[in-house]
Amino acid sequence: MNNLWKDSDAGKTELDQVVYLSNLVGRDPTLVQPGGGNTSVKLDEGDLFGASASALVVKGSGTDLRTITAEGFTHLYSDRLAALQNFDSMTDEGMMEFMQACMLFPGRDPLPSVETPLHALLPAKFIAHTHDIATLSLTDTPSPRQHVASALGSAVAFLEYVRPGFPLAKRLAQLYADGPPATTTGLVMEKHGLTVWGDTARECYENLVAIIDKAEAFVAERSEGKEVFGPQTAPTLDITTRRKHASTLLPIVRGELSRATGSGNWHPVLVFTDAPENLEEIAGETFAAAAAKGVMTPEHILRAGVRPLVLDLDLDSDPTKLKDDVHKSVASFYGDYIDYAKTHEQNNPIPDFLKTVVIPGLGIISAGRDRRSATVAADCYRATLDAMAGAEAVESFEFLSDADACEMEYWPLERRKIEEKAKSRPELDGKVAVIVGAANGIGRATAFRFAAEGAHVALGDIDFDGVTEVANRINSESSERAYAVRMDASDPNEISSSFHEAVMRFGGIDVLFYSAGIAPGMHSVVDVPNSEVERQSAIHFEGAVAATREAAKVMLAQGTGGRLIYNASKAAFAPGPGAAAYGAAKAALVHYARNVAVELGRHGITANYINADAVDTRLFRERLAERAQETGKTEEEMLQYYAERSVLGKAVIPPEAVAEAAVFLASDRSAYTTGCAITVGGGHEAFPR
Ligand code: ZN
């Protein structure tokens, strides 16, 4: 392990230094995975009452060591925390309440995490706790104590597995009432991770480096020249073939995961990873047997699932057979899962029972309620693969007993966090939407509304800079929600590859909003050029046909229904002189949508269109200027005229009003609406009469 410590970067105060230490640890995925691990320092500081207090300053709940700043730490009275030792038993809720009552600045700081007692009960000044691959390679085995002693000697203490939370705190208090032996610099916790300490942040980090180096050397020596999972059984496919198979398989897996429990509470976003080193690991002959034993550290059970499904598939089989095979495997996995849960008295199985699917030869599919959690699941499982390989080299991989794993998986404290989030689910939570024409106007407004309602959005537009700006704005609010792609709606190949990208990015598609548009060319029917007819048809009709083809294929593979929404226009219903090519293309789109509604309805896929008029977009403003010139009026006079002829007295309609209709049509609320127009036109002359 590289020693990255630089005094010049470490900061002056001890608080700065614990932040620096945290970031060094957090940025190394072999030490901690996103959100995992924690650090602390003990300081004397003034409290809210103006008194001096000795305080434990520890990473707060919900923070990440990679990016944590001083504000991410919570400050707790050390003397109050010490009273934890006086309790024989305590529920986790009781412990959390107790710890909150120990906070120096309850109105300001993040809540303490469940691993806080570990830092409170060890008397060292600086402490870092990791879920590192090196020491877990020693302890995720049948003989952990022996390997820790051989690899690390007596400078490191060993603790047999105890569940994190109060039981771990209690055990530490019993074993180390006056702190661990003075000669030790760290404590290896079986099947959980490592805790190191030091009088300074630098010493703590150097102790960490020294222990990790020794553990890594021990594992490396035993891995030398070994195929730890046996000979490779699946041929390694080239990257293009892998991605092609993955884009077929992702929607199938997504659909099966969504339907498996029948609860309707789990419609994950998927992330696909196929790093060469992982491909080698998962293709080994004994990999599946080892993988069935579990993951690397208790926290990963919550992030990546209690164990993965290893799918043995003939990737060249046709999609129907593929779907059938995936269905059978997921159903069988779920059957076993129910048995496991029931055996351990969990009669209410969680909906997210499976978050990692491994396909030898192809890669790993990770599931999460959003892309960010799916990425965390992927990072955790990739670390697990390395720890498994290390453990296999040292002895053999072994994780917690099913009873301990199940206790962790159903740990009420953690489940409650997930359930609380589920309660306040926004309307489009878990849905993936593709918006064609998202850089401006209605498409842009809809992208923001969909994202605000919890959807993941793949945004296509020929104006790549424009659509990238929309995606960046969405991602700055909620990371990894939006993805921008250059898309010329008149090019079916570009549409096809963009939809492929959307599937690779999010794992499937639930909603298509087709909003690509160009202005009418304004020609009389006696001299309209064919090029205008072709141009209008290509963007407003043929592009929608190509986008529907791609979206519907994915929706059918998922088998979880879908929403197709088209931005039609008043022109489809109320013809206007000079705009025949435009109006006819929009009318064709509307009739096409009705055909789609008829054909795909039985699959739970609806097709509806929005009849929008006088929407305040760039196209509208251009047309307004032209009209003003033609009629010799000012733009203000034109707007006045529009307002007067509108039933509702509105000159223009904000794009957000159309986006509102799109949200309804994308949501479960519109489940009984198909083949239908929603008019959003302020009652000019748009609605069919
Ligand atoms: Zn831990």
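All values reported here derive from a predicted model rather than from experimental measurement. (Residues numbered from 1 in each chain as written. Predicted model: local features only at pLDDT ≥ 70, side-chain atom pairs only at ≥ 80, totals over all residues. Heavy atoms only, no water.)

### A word on the overall build of the chain
The condition is simple: The helix and strand labels rest on DSSP assignments: H or I over at least four residues marks a helix, E over at least two residues marks a strand, and numbering proceeds from the N terminus. The globule rule is 2.2 Å times the number of residues to the power 0.38, and the radius of gyration it is compared with is taken over C-alpha atoms. By definition, residues are in contact when any of their heavy atoms lie within 4.5 Å. Accessible surface is estimated by sampling points in the Shrake-Rupley manner with a 1.4 Å probe; for residues, cover comes only from the protein chains shown. Note that His is not counted, nor are the chain ends; the positive residues are Lys and Arg, and the negative ones are Asp and Glu. Here the site of a charge means atom NZ of a Lys, CZ of an Arg, CG of an Asp or CD of a Glu.
Looking only at helices and strands, one finds 24 helices and 18 strands in the chain. For the chain, the C-alpha radius of gyration of 29 Å lies close to 26 Å, the compact-globule estimate for 689 residues. Over its C-alpha atoms, taken along the principal directions, the chain stretches across nearly 95 × 65 × 50 Å. Long-range pairs, those at least 24 residues apart, make up 73% of the contacts in the chain with a sequence separation of at least 6. For the chain, the exposed area adds up to about 28100 Å²; of that, 51% sits on carbon and sulfur atoms. Charge separation in the chain, taken as the distance between the mean sites of 65 positive and 94 negative side-chain charges, equals 5 Å.

### Observations concerning the state of the cysteines
The following threshold applies: Cysteine sulfur pairs qualify as disulfides if the two atoms are within 2.5 Å. Whether a residue is buried, partly exposed or exposed follows from its accessible area with a 1.4 Å probe, protein chains only, as a fraction of its type maximum: under 20%, in between, or over 50%, in that order.
Within this structure, the stated rule accounts for zero disulfides. No disulfide involves Cys380; its nearest neighbouring cysteine sulfur is the one of Cys406, lying 19 Å away. The exposure class assigned to Cys380 is buried, which follows from its relative accessible area of 1%.

### Quick look at the coordination of the zinc ion
Quick note on the threshold: Coordinating donors are taken as N, O and S atoms within 2.8 Å of the metal, stretched to 3.2 Å for Na, K and Ca; because water is absent from the atoms, sites can appear incomplete. Any site counts as irregular unless it has four donors with all angles between 85 and 135 degrees, making it tetrahedral, or four or six donors with opposite ones more than 155 degrees apart and the rest between 65 and 115, making it square planar or octahedral.
Taken together, Glu115 (OE), His129 (NE2), His131 (NE2) and His192 (NE2) make up the protein donors of the zinc ion, found 2.0 to 2.2 Å from the metal. For the zinc ion, the four donor atoms in the first shell make angles of 88 to 149° at the metal, so the coordination geometry reads as irregular. Positions of the donor residues of the zinc ion along the chain correspond to the pattern E-x13-H-x1-H-x60-H. Here His131 is found in the loop between strand E4 (126-130) and helix H5 (133-139), whereas its partner His192 is found in the loop between strand E6 (186-189) and strand E7 (193-198), with 61 residues between them in sequence.

### A closer look at the side chain of Arg254
As for its position among the elements, Arg254 is in helix H9 (residues 239-259). Once you skip the residues sitting within four places of it in the chain, Arg254 turns out to touch His267, Pro268, Leu270, Gly430, Lys431, Val432, Gly507, Gly508, Ile509, Asp510 and Gln558.

### A word on the sheet that holds E7
Here is the rule we go by: Strands qualify as paired when DSSP identifies two bridges or more between them. Note on definitions: angles span 0 to 180 degrees between N-to-C directions of axes, and those axes are lines fitted to C-alpha atoms, for helices only across the stretch in contact.
Strand order in the open sheet made by the seven strands is E3-E2-E1-E4-E7-E6-E5, with mixed pairing throughout. Since the sheet does not close on itself, it has two edges, and those belong to strand E3 (73-77) and strand E5 (156-159), each with one partner. Direction aside, the axes of adjacent strands within the sheet are offset by 20° on average. Together, E5 and E6 form the strand contacts of helix H6 (residues 144-152), whose direction differs from that of E5 by roughly 175°. This element, helix H7 (residues 166-175), spans E5 and E6 of the sheet and lies at about 130° to E5.

### A few points about the packing of aromatic side chains
Here is the rule we go by: Planes of paired rings set the category: under 30 degrees apart is stacked, over 60 is edge-to-face and the rest tilted, where pairs are Phe, Tyr or Trp rings (Trp by its six-membered ring) whose centres lie within 6.5 Å. Charge over a ring is defined by NZ of Lys or CZ of Arg lying within 6 Å of the ring centre and within 35 degrees of the ring normal.
What the rule picks out here adds up to 13 aromatic pairs. Both rings, one in Tyr641 and one in Tyr642, keep their centres 5.9 Å apart while their planes meet at 45°; by these two values the pair is tilted. Take Tyr641: its relative accessible area is 37%, and that puts it in the partly exposed class. Exposure remark for Tyr642: the relative accessible area of 9% places this residue in the buried category. Among the aromatic residues, ring-to-ring pairing joins Phe333, Tyr334, Tyr337, Tyr340 and Phe353 into one connected group. Geometry around Phe105 places Arg108 over its ring, the cationic atom sitting 4.1 Å from the centre. Of note, Arg222 hangs over the ring of Phe218, and the distance from its end group to the ring centre comes to 3.5 Å.

### Focus: unusual backbone geometry
Even without being a glycine, Met522 presents a positive backbone phi close to 60°. When you line up the elements, Met522 lands in the loop between strand E15 (511-514) and helix H20 (530-558). Positive phi values are uncommon outside glycine, yet Ala614 reaches one of about 50°. Mapped onto the elements of the fold, Ala614 is located in the loop between strand E17 (605-612) and helix H22 (618-631).

### Focus on a nonpolar patch on the surface
In plain terms, the rule: For patch building, the residue pool is restricted to those with more than 30% relative accessible area and no salt bridge; the joining distance is 9 Å between like charges and 5 Å between nonpolar side chains (Val, Leu, Ile, Met, Phe, Trp, Tyr). Salt bridges are defined as contacts in which a side-chain nitrogen from Lys or Arg sits within 4 Å of a carboxyl oxygen from Asp or Glu.
A surface patch of nonpolar side chains, amounting to about 300 Å² of accessible area, comprises Val647, Leu648 and Phe687. One can find Val647 in the loop between helix H23 (635-645) and helix H24 (655-666).

### Quick notes on helix H14 (residues 371-394)
Let me state the cut-off plainly: To estimate how far a helix should reach, multiply one less than its number of residues by 1.5 Å.
Compared with an ideal rise of 1.5 Å per residue, which puts 24 residues at 34 Å, H14 spans 35 Å between its outermost C-alpha atoms and is within 8% of the ideal. The buried fraction of H14 amounts to 19 of the 24 residues, a majority that puts the element mostly inside the structure.

### Re the packing of H9 against H20
To characterise two packed helices, one gives the angle between the axes of the helices and the distance between these axes. Cut-off, in case you're wondering: By the definition adopted for this analysis, an angle is roughly parallel if under 35 degrees, roughly antiparallel if over 145, roughly perpendicular if from 65 to 115, and oblique otherwise. Should the near helix be turned anticlockwise from the far one by less than a right angle, the crossing is termed left-handed; should it be turned clockwise, right-handed. Put simply, Ala, Val, Leu, Ile, Met, Phe, Trp, Tyr, Cys and Pro go in the nonpolar bin, Asp, Glu, Lys and Arg in the charged bin, and everything else, Gly too, in the polar bin.
Here H9 crosses H20 at 40°, and the two axes come no closer than 7 Å. By the angle between their directions, the pair H9 and H20 is classed as oblique. H20 is crossed by H9, and the crossing has right-handed handedness. Residues Pro251, Ile252, Arg254, Gly255 and Arg259 of H9 form the contact with H20, whose participating residues are Val554, Ala557 and Gln558. Grouping the constituent residues of the contact of H9 with H20 by class yields four nonpolar, two polar and two charged.

### Quick look at the nonpolar core
Quick reminder of the rule: Buried Ala, Val, Leu, Ile, Met, Phe, Trp, Tyr and Cys residues that are joined via side-chain atoms within 4.5 Å together make up what is termed a nonpolar core.
One finds Tyr381, Val436, Phe499, Leu564 and Tyr566 to be the most contacted residues of the largest nonpolar core, which totals 117 residues. Other than its neighbours up to four places away in sequence, Phe499 contacts Val434, Val436, Met487, Ile509, Leu512, Ala547, Glu550 and Ala551. If you look at the next biggest cluster of nonpolar residues, it comprises 41 residues, including Ala439, Phe450, Ala643 and Leu665.

### Observations regarding the domain arrangement of the chain
Test applied: An automatic or database domain assignment provides the domain bounds reported here. Here the buried area means the combined drop in accessible surface, using a 1.4 Å probe, for two parts upon being joined, counting both sides. The definition of a polar contact used here is a pair of N or O atoms within 3.5 Å, where within protein one atom must be able to donate a hydrogen and the other to accept one, and adjacent residues in sequence count solely through side-chain atom pairs.
Domains assigned within the chain are domain 1 (7-223), domain 2 (239-419) and domain 3 (432-615 + 654-686). One C-alpha centre belongs to domain 1, the other to domain 2, and the line joining them spans 29 Å. The partner domain 2 presents 30 residues to the 30 residues of domain 1 that form the contact. The contact between domain 1 and domain 2 buries some 2500 Å² in all, and 63% of this surface belongs to carbon and sulfur atoms. Linking domain 1 with domain 2 are one salt bridge, by the criterion used here. Among the salt bridges present, the one from Glu407 reaches Arg163, with a minimum N-O distance of 3.1 Å. At the boundary of domain 1 with domain 2, the tally comes to eight residue pairs in polar contact (both at pLDDT 80 or more). Counting residues per element, the ones that place at least two in the side of domain 1 that touches domain 2 are helix H3 (92-100), H5 and helix H8 (201-223). Residue classes in the side of domain 1 that touches domain 2 are distributed as eleven nonpolar, twelve polar and seven charged.

### Section: the sheet that holds strand E8 (residues 269-273)
Taken together, the four strands give an open sheet; going across it, the order is E8-E11-E10-E9, and neighbouring strands pair in mixed fashion. Across the chains shown, the open sheet's two edge strands, defined by having one partner strand only, are E8 and strand E9 (309-310). In terms of strand pairing, E9 meets strand E10 (residues 356-359) through two bridges, oriented parallel. Paired with Val310 across the strands is Val358, a residue of E10. Packed on one face of the sheet, H9 meets E8, E10 and strand E11 (363-368) and runs near 145° to E8. Its contacts with the sheet put H14 on E8, E10 and E11, and the angle it makes with E11 is roughly 135°.

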